[in-house]
Amino acid sequence: MDSLTVRSPAKLNLVLDVLGKRPDGYHELRTIFERISLSDQITLARNRSGKIHIRCNHPHVPCGPQNLVYQAAKLLSGDFSISEGLNINIIKNIPVAAGLAGGSSNAAAVLSGLNRLWQLGLSNAQLVKYAARLGSDVAFFLYNTAYALGTGRGEIIKPLNVKTKLWHVLVTPRVKMHTPEVFARLKLNLTNKRDNVNILLPFLRKGDLVPLAGALANDLEPAILSLRPDFIKLKKKFIDAGALGACFSGSGPSVFALAESQPHAVSLRAQFDRRYTQASVVSTL
Ligand code: ATP
């Protein structure tokens, strides 16, 4: 096998609870990840140069060592003394720095893709250890599951056996939001902390959409809004248009709505002016 093409999906956080700050500087989280149909496509091809070359159709994605896929490939090539080179082509559909973990998903796709291309024989548990070295959101994408509970800094994954398929509209304003900046603005309020995961989970399992929409929660919302107060309008616009609920994903600025069905999602998307936002209809994958 000389090349391999893999799909690299985005995630939403249906719940993102921040439980506290840890001595190592990370925050302790409890989150429900949902894998969604919006995906990048990654092709891995052997080359004889001995170097890693990255190409990407998105102008804001770095094509050198800052790219998480470069770091993923370097980790494996170093540990397994791989001397041949690699061309990585990324077709980006997932908005960048948007709270959708596009870079993390790309890194996971490269870890599992190279495990096959280079026939490394790594188990999923071993791949998950590499994932944790690359970033907190990488591990989730190594599990073949639509939904998972994430704890620790998000890297401890428990797949959830939930069959419900959700329809969303996802809007991303055309501005980037960097995760460390958002966490720096976070004011932790640890008293009377609601267990949003256990509030939402029974509704998700039953596919009970109205209470599910009411249980969507993201503790980073005040921090996101302190950077961009105007983004509250995105949520409001969804609710005014008849969405069941709306919530920021991750550290924003993407906002997703929960729709009743695919046609409902299509009608909600029509409310957004594509000059200012990227808007798409997505479903659980
Ligand atoms: P994070 O929570 O890490 O900020 P995010 O989902 O909000 O993630 P990403 O699309 O992963 O955002 O991009 C975050 C930053 O990571 C970007 O500004 C970009 O420079 C860098 N980056 C590195 N590798 C990639 C990649 N393969 N795809 C997209 N961005 C990448």
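Below you will find a few notes about this structure. Everything quoted here is computed from the prediction, not taken from an experiment. (Residues numbered from 1 in each chain as written. Predicted model: local features only at pLDDT ≥ 70, side-chain atom pairs only at ≥ 80, totals over all residues. Heavy atoms only, no water.)

**Side note on the state of the cysteines**
Summed over all chains, the structure comprises 0 disulfides. Lacking any disulfide linkage, Cys63 is separated from the closest cysteine sulfur, that of Cys56, by 5.7 Å. Overall, Cys63 belongs to the partly exposed group, its relative accessible area being 37%. (Disulfide = S-S within 2.5 Å. Buried < 20%, exposed > 50% of the residue type's maximum accessible area, 1.4 Å probe, protein only.)

**Brief notes about the sheet that holds strand E9 (residues 245-248)**
Read across the sheet, 4 strands follow the order E9-E10-E7-E11 without closing on themselves; strand pairing throughout is antiparallel. Each end of this open sheet is capped by a strand with a single partner; those strands are E9 and strand E11 (277-283). For this sheet, the mean inter-axis angle between neighbouring strands, taken without regard to orientation, is 20°. Both E9 and strand E10 (residues 255-259) contribute to a ladder of 4 bridges, which runs antiparallel. Within E10, the position partnered with Cys247 by the bridge is Phe256. Relative to E9, helix H8 (residues 232-240) is tilted by about 165°, and along the sheet it contacts strand E7 (167-173), E9, E10 and E11. (Pairing = 2+ DSSP bridges. Helix = DSSP H or I, 4+ residues; strand = E, 2+ residues; numbered from the N terminus. Axes fitted to C-alpha atoms, helices over the stretch in contact; angles between N-to-C directions. Contact = heavy atoms within 4.5 Å.)

**A closer look at the site of the ligand**
The full set close to the ligand counts 18 residues, and Asn67, Gly99, Ala101, Gly103 and Thr179 are the nearest of them. Taking Ala97, its main chain carries an N or O atom lying 3.0 Å from an oxygen atom of the ligand. Taking 590 Å² as the accessible area of the ligand by itself, protein coverage stands at 82%. A molecule is said to occupy a pocket when more than half its atoms come within 2 Å of that pocket's grid points, and by this definition the ligand occupies the largest pocket. Ranked by residue count, the leading element in the shell around the ligand is helix H2 (residues 102-117), at 3 residues. Each residue belonging to the shell around the ligand can be placed in one class, and the counts come to 9 nonpolar, 8 polar and 1 charged. (Near = heavy atom within 4 Å. Polar contact = N/O pair within 3.5 Å; in protein donor to acceptor, adjacent residues only side chain to side chain. Areas by Shrake-Rupley, 256 points an atom, 1.4 Å probe, with all protein chains shown as cover. 1 Å grid on protein atoms, 1.4 Å probe; cavity = no way out; pocket = protein on both sides within 12 Å on 5 of 7 lines; lining within 4 Å. Sits in = over half its atoms within 2 Å of the grid points. Nonpolar A, V, L, I, M, F, W, Y, C, P; charged D, E, K, R; others polar.)

**Points about the layout of surface pockets**
Here the largest pocket defines a volume of roughly 1,100 Å³. Forming the walls of the largest pocket are 45 residues, and the residues nearest its centre are Leu68, Ala101, Ser104, Asp137 and Thr179. Secondary-structure elements contributing two or more residues to the lining of the largest pocket are strand E1 (3-21), strand E2 (27-47), helix H1 (68-79), H2 and helix H4 (179-184). Counted by class, the lining of the largest pocket contains 20 nonpolar, 20 polar and 5 charged residues. (Points joined across faces, edges and corners; volume = space filled by probe spheres on them.)

**Re the side chain of Lys92**
Among the structural elements, Lys92 can be located in the loop between strand E4 (85-91) and H2. Engagement of the side chain of Lys92 in a polar contact is seen with the side chain of Asn106, the distance being 3.0 Å. Once residues lying within four places of it in the same chain are set aside, the contact partners of Lys92 are Asp40, Cys56, Asn57, His58, Val61, Gly102, Gly103 and Asn106.

**Considerations on H2**
Compared with the 22 Å implied by 1.5 Å per residue over 16 residues, the 22 Å span of H2 between its first and last C-alpha is a close match. When you tally the buried positions in H2, you get 13 out of 16 residues, the bulk of the element. (Expected span 1.5 Å × (residues − 1).)

Geometry only, nothing functional implied.
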